[in-house]
Amino acid sequence: MITTLENSWRQILTEECNKEYFKKLENFVVTEYAENTCYPEKQNIWAAFNHCNLEDIKVVIIGQDPYHGKGQANGLCFSVKDGVRHPPSLVNIFKEIALDLNVPYPESGNLERWAKQGVLLLNATLTVREGEPGSHQKKGWETFTDAVIKIISDSRKDVVFLLWGGYAKKKAKLVDKAKHHILESGHPSPLSANRGYWFGNKHFGTCNQFIHNKKGKKISWR
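Quick summary incoming for the structure in this document. (Residues numbered from 1 in each chain as written. Predicted model: local features only at pLDDT ≥ 70, side-chain atom pairs only at ≥ 80, totals over all residues. Heavy atoms only, no water.)

## A look at the overall build of the chain
Which entries qualify depends on this criterion: Here a helix means four or more residues in a row that DSSP labels H or I, a strand means two or more in a row labelled E, and each is numbered from the N terminus. This radius of gyration counts C-alpha atoms alone. The globule rule is 2.2 Å times how many residues there are, raised to the power 0.38. Classification of residues uses two cut-offs on accessible area relative to the type maximum, computed with a 1.4 Å probe and protein chains only: under 20% is buried, over 50% is exposed, and between them is partly exposed. By definition in these notes, contact holds between two residues if any of their heavy atoms fall within 4.5 Å. In this tally Asp and Glu are treated as negative and Lys and Arg as positive; neither His nor the chain ends contributes. Lys charges are placed at NZ, Arg charges at CZ, Asp charges at CG and Glu charges at CD.
Counting its regular elements, the chain contains nine helices and six strands. On C-alpha atoms alone, the chain measures out to a radius of gyration of 17 Å, which is about the 17 Å that the 2.2 N^0.38 rule sets for 222 residues. A principal-axis box enclosing the C-alpha atoms of the chain has dimensions of 45 × 35 × 25 Å. Within the span of the chain, comprising 222 residues, buried residues form 50% of the whole. Sequence separation of 24 or more characterises 65% of the internal contacts of the chain that already satisfy a separation of 6 or more. When the 31 basic and 24 acidic side-chain charges of the chain are each reduced to a single mean position, those positions are 5 Å apart.

## Description of the sheet that holds strand S6 (residues 181-185)
Put simply, the rule is: Should DSSP find at least two bridges between two strands, the strands are regarded as paired. Between N-to-C directions, angles span 0 to 180 degrees; the directions come from axes that are lines fitted to C-alpha atoms, helices contributing only their stretch in contact.
Reading across from one edge, S3-S2-S5-S6 is the order of the four strands in this open sheet, with parallel pairing throughout. In this open sheet, the two edge strands, each paired with only one partner strand, are strand S3 (119-123) and S6. Within this sheet the neighbouring strands show an average axis-to-axis angle of 20 degrees, counted without direction. As defined by bridge partners, strand S2 (residues 59-63) adjoins S3 across five bridges and the pair is classed as parallel. When the sheet's bridge partners are listed, Ile62 is paired in S3 with Leu122.

Here you go:
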């Protein structure tokens, strides 16, 4: 499975991928894709890594698991393929960007443009069975992605971690707060956003200001 993982990440993660839990996870994923319809497409399982090398990371956004509807997931958290209707959480993300940065609501829901600027769009669980949210949770993916977050925290400096919702906030314990910047808010889902826990968090402008202060190039969130 890791043969489609970008070479530099593959070298970094070889030790993790040789652990017993990952071998069991790999067998599970291979079987699931053979026997069921799963997302994202097999070649996009590692998209978050393949579009954003470790040394290029400026921002980490953590989701839970991929969209489970047909034709939506492209391997990047909160992102959908070009031409796909924006899911509710992504709609609220884009609305906040428009409000925060005073820019037009983005047209495309494909967030590869963010990834290529150094935004790691990491789901805690990288695969899911069609129509069954959470179906690939607690199979080993969370152990793996927690290890990735720890590697980023240990090996990089001045990364902004955007932790949205209770699930993502739990990942803060993996991040060295003396080296990195953490921004937390409610989740962009309608349930949270409509209760006032999302809109007005100004994470996108705050994130860019932090990056600018560290002499880095800001992210174009449009």
